[in-house]
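# Descriptive structure summary
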Amino acid sequence: MPQERGPRVTLLGFTVPDDLLVEIMARDTIMPTQTHTFAWGLVRSLRAAGCPVHLLSAAPVSSWPRNRQVRFRAGRFRQDDVDGQLLAFVNILGLKHLTRFGAAWRAGGRALRERETEVLLIHGVHSPFLWFGALRARRLGVRVVPVLTDPPGVALPTDGRLVRLLRGLDVALVRAALARCSGVIALTPALAEDFAPGRPRLVMEGIYSPDPAGDAPEGAGATRDIVYAGGLSRAYGVDCLVEAFRGLPDDDLRLVTYGRGELAEWLHEQAAADHRVAPPELLPRQELLPRLARASVLVNPRPVDQDFVRWSFPSKIIEYLGTGVPVVSTRLPGIPAEYAPWLSFAESDTADGLRAAIDRVLRLSPGEAAALGAGAARFVQETRNPAVQGDRMRDFLAGLTGVGGRPAGRATPAGAGTTVPDRVGG
């Protein structure tokens, strides 16, 4: 039986080929691994649901001088049987937004017509891309649907006064563009409610995207590893995790961190002072996932009292659960209730709270730990896989376009995700 066709989608964002990501990570200060993983998860999910997909992508890089490359050229690529175009831009603050908007206007307008695009899916809250959708895609009769993964304008500790001023202007531009969109796909309800009120919405916190190239995990080693993977920063609670770990007495425990961030040098100092703390490492995803699967506990220590956490669902939660290893997490408001049986929550986001939660997991019998991990892996594999999430996206987009959709009598799998009304606020 031929697969039904969903709407034709052009995905505008940062979905670049794997070899380009490797180049970016080798010379940039940012670590766009999760952006890359989620972007290709979107592609796989939409294609699994019968939606033809074409890519318009800009390289996800820091502005000069944090990335020394100033000019990024246009080009074409093909990966996983999907065609894409790289957009040219000048990588200098201010010019970066203007040139990305110009590139999207020229190349994007042509691509939307040639591909007979029905939905322009925009990954993230990048104002040049949102305004391309608001000003040009809508005039071509294309439905514009941003995918909201983070709030706009989050300030960084290194931002100066000018950068903060520009970020505030960008937030206003993003809000105005989102008011003109056809609907939104958001990782959390708060993102949709606060930045696109009144727009049709689908809440979808993530996609389980296993890496088929990953090696099988090795057997247990001489240590029991407590592992964190992600940004090595205070904003993500890494310093609190180190303090929590120091209070665990067993000598066979080891704290292992993977990633990049302002605490990397400090973590090297901790490793030199304590043999139980491993120096931080930065690994490609295909090498990282087997390391995660060999851990005894995986930890998400993000503090809960920061302004942005109500909009946040850490993508590492799904990745952690998929390994089959018990997971400890702080109680972030963006984590849906369906995850509660499979997470060991810290009662507070302090070092004492994290330590107590980690200790509870370490005290589980091998059978109890295996059962908890296996149940968590089954949960994300069955309810957050590309086929399930692709069906949800296709049905949502079909409701906006009238193209494709779920045949009569076809049920949504149990636990497929948060159910949200198609239209909010009347």
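Here the residue numbers are simple positions, counted from 1 along each chain's written sequence. Owing to the predicted nature of the model, reporting of local features is limited to residues with pLDDT of at least 70; listing and counting of side-chain atom pairs is limited to 80 or more, with chain, interface and lining totals taken over all residues. Only hydrogens and water are set aside; all other atoms, that is, all heavy atoms of the structure, feed into the side-chain values.

## Observations regarding the packing of helix H7 (residues 238-246) against helix H8 (residues 264-273)
Condition: To get an axis, fit a line to the C-alpha atoms, keeping to the stretch in contact for a helix; angles then go from 0 to 180 degrees between the N-to-C directions. Numbering goes from the N terminus for both helices and strands, where a helix is a DSSP run of H or I of at least four residues and a strand is a run of E of at least two. Angles below 35 degrees are treated as roughly parallel, those above 145 as roughly antiparallel, those between 65 and 115 as roughly perpendicular, and all remaining angles as oblique. Residue contacts are defined here by distance: any two heavy atoms, one from each residue, within 4.5 Å place the two residues in contact. Each residue is assigned to one of three groups, with Ala, Val, Leu, Ile, Met, Phe, Trp, Tyr, Cys and Pro labelled nonpolar, Asp, Glu, Lys and Arg labelled charged, and all others, Gly among them, labelled polar.
Where H7 contacts H8, the axes come no closer than 11 Å and their chain directions differ by 10°. Between H7 and H8, the interaxial angle falls into the category roughly parallel. Side by side, H7 and H8 meet where Val238, Asp239, Val242 and Arg246 of the first sit next to Trp266, Leu267 and Gln270 of the second. For the contact of H7 with H8, the per-class residue count stands at 4 nonpolar, 1 polar and 2 charged.

## Considerations on the environment of leucine 42
Inclusion rule: A 1.4 Å probe rolled over the protein chains alone gives each residue an accessible area, and that area as a share of the maximum for its type sets the label: buried under 20%, exposed over 50%, partly exposed in between.
Structurally, leucine 42 can be placed in helix H2 (residues 33-48). Its relative accessible area of 0% is what places leucine 42 among the buried residues. Not counting residues within four places of it along the chain, the set of residues in contact with leucine 42 comprises Leu11, Val147, Met204, Ile207 and Met393.

## So, unusual backbone geometry
Cis geometry marks the peptide bond from tryptophan 64 to proline 65, where omega comes out at 10°. Residue glutamate 116 is not a glycine yet carries a positive backbone phi of 50°. Here glutamate 116 is to be found in the loop between helix H3 (95-114) and strand S7 (119-123). Relative accessible area serves as the criterion here: at 52%, glutamate 116 is assigned to the exposed category.

## Focus on the side chain of histidine 123
The residue histidine 123 is located in strand S7 in this model. Apart from residues lying up to four places away in sequence, histidine 123 is in contact with Leu11, Leu12, Gly13, Phe14, Thr35, Phe38, Ala39, Val147 and Thr149.

## Description of the pairing of strand S5 (residues 82-86)
Applicable threshold: For two strands to count as paired, DSSP must find a minimum of two bridges between them.
Burial runs high along S5: 4 of the 5 residues are buried. Sheet analysis places strand S2 (residues 53-57) next to S5, joined by 3 bridges and oriented parallel. Along S5, the bridge assignment pairs leucine 56 with glutamine 85. Where strand S4 (residues 75-79) and S5 come together, 5 bridges link them in antiparallel fashion.

## Examining the sheet that holds strand S13 (residues 297-300)
One open sheet holds the 5 strands; their spatial order is S12-S11-S13-S14-S15, and the pairing between them is parallel. Edge positions in the sheet fall to strand S12 (253-258) and strand S15 (344-345), since each has one partner strand and no second. Across 2 bridges, strand S11 (residues 224-229) lies against S13 in parallel orientation. Looking at S13, one finds that isoleucine 226 is bridged to valine 297. Along the sheet, H7 makes contact with S11, S12 and S13, crossing S12 at roughly 170°.

## Observations concerning a nonpolar patch on the surface
Using the following cut-off: Patch membership requires more than 30% relative accessible area and the absence of a salt bridge. Residues of like charge join within 9 Å; the nonpolar side chains Val, Leu, Ile, Met, Phe, Trp and Tyr join within 5 Å. The accessible surface values rely on the Shrake-Rupley method and a 1.4 Å probe; as for residues, cover is taken only from the protein chains in view. A carboxyl oxygen of Asp or Glu within 4 Å of a side-chain nitrogen of Lys or Arg is what we treat as a salt bridge.
Together, Trp64, Val70, Ile92, Leu93, Leu95, Leu98, Leu162, Leu165, Leu166, Leu169 and Leu173 make up an exposed nonpolar region whose accessible area comes to about 1,000 Å². At the level of elements, H3 and helix H5 (161-178) are the ones that each hand at least two residues to the nonpolar patch. Among the elements that make up the nonpolar patch, the one with the highest residue count is H5 (5 residues). Tracing the backbone shows leucine 95 in helix H3.

## A closer look at helix H1 (residues 18-27)
Selection criterion: To be clear, the arc concerns the directions from the helix axis to the C-beta atoms.
Buried within H1 are the following residues: Leu20, Leu21, Ile24 and Met25. On an axial view of H1, the arc spanned by its buried residues comes to 135°, and they lie on one face. With respect to the buried face of H1, the exposed residues turned more than 90 degrees away are Asp19, Val22 and Ala26. Buried positions along H1 lie against H2 and S5.

## Thoughts on the pattern of salt bridges
The tally for this structure, following the rule as stated, stands at 19 salt bridges. Glutamate 118 serves as the salt-bridge partner of arginine 5, at 3.2 Å between the closest nitrogen and oxygen. Separated by 113 residues along the polypeptide, arginine 5 in the segment before strand S1 (9-13) and glutamate 118 in the loop between H3 and S7 bring together distant segments of the chain. Residue classification places arginine 5 among the partly exposed positions, given a relative accessible area of 36%. Given the relative accessible area of 16%, glutamate 118 is considered buried. A salt bridge links glutamate 118 to arginine 8; its shortest N-O distance comes to 3.4 Å.

## Regarding a negative patch on the surface
So the rule is basically this: His is not counted here, nor are the chain ends, while Lys and Arg score as positive and Asp and Glu score as negative. Every charge is mapped onto a representative atom, which is NZ of Lys, CZ of Arg, CG of Asp or CD of Glu.
Together, Asp18, Asp19, Glu23 and Asp80 make up a region of like negative charge exposed at the surface. Within the fold, aspartate 19 resides in helix H1.

## Structural notes on the environment of tryptophan 40
Position of tryptophan 40 relative to the elements: it lies in helix H2. Remark: the alpha-carbon pair of tryptophan 40 and aspartate 80, spanning 40 residues in sequence, is separated by 9.5 Å. Here tryptophan 40 is in contact with Thr15, Val16, Pro17, Asp18, Leu55, Phe77, Gln79 and Asp80, once residues within four sequence places are set aside.

## Focus: the nonpolar core
Selection rule: Nine residue types can take part in a nonpolar core, namely buried Ala, Val, Leu, Ile, Met, Phe, Trp, Tyr and Cys, and a core is a set of them joined through side-chain atoms within 4.5 Å.
With 67 residues, the main nonpolar core has Leu121, Ile185 and Leu397 as its most contacted residues. The dominant element in this core, judged by the number of residues it contributes, is helix H4 (residues 127-137), at 6 residues. When near neighbours in sequence (up to four residues on either side) are disregarded, leucine 397 contacts Pro7, Val9, Leu46, Val119, Leu121 and Val145. In this structure, Leu241, Val309, Leu362 and Ala376 belong to the second largest nonpolar core, which totals 54 residues.

## Examining the pairing of S7
Among the 5 residues that make up S7, 5 are buried, leaving the element largely enclosed by the rest of the structure. Pairing analysis gives 5 bridges linking S7 to strand S8 (residues 143-148), with the strands arranged parallel. The residue bridging valine 119 from the neighbouring strand is arginine 143, located in S8.

These results come straight from atomic positions and should not be treated as a statement about function.
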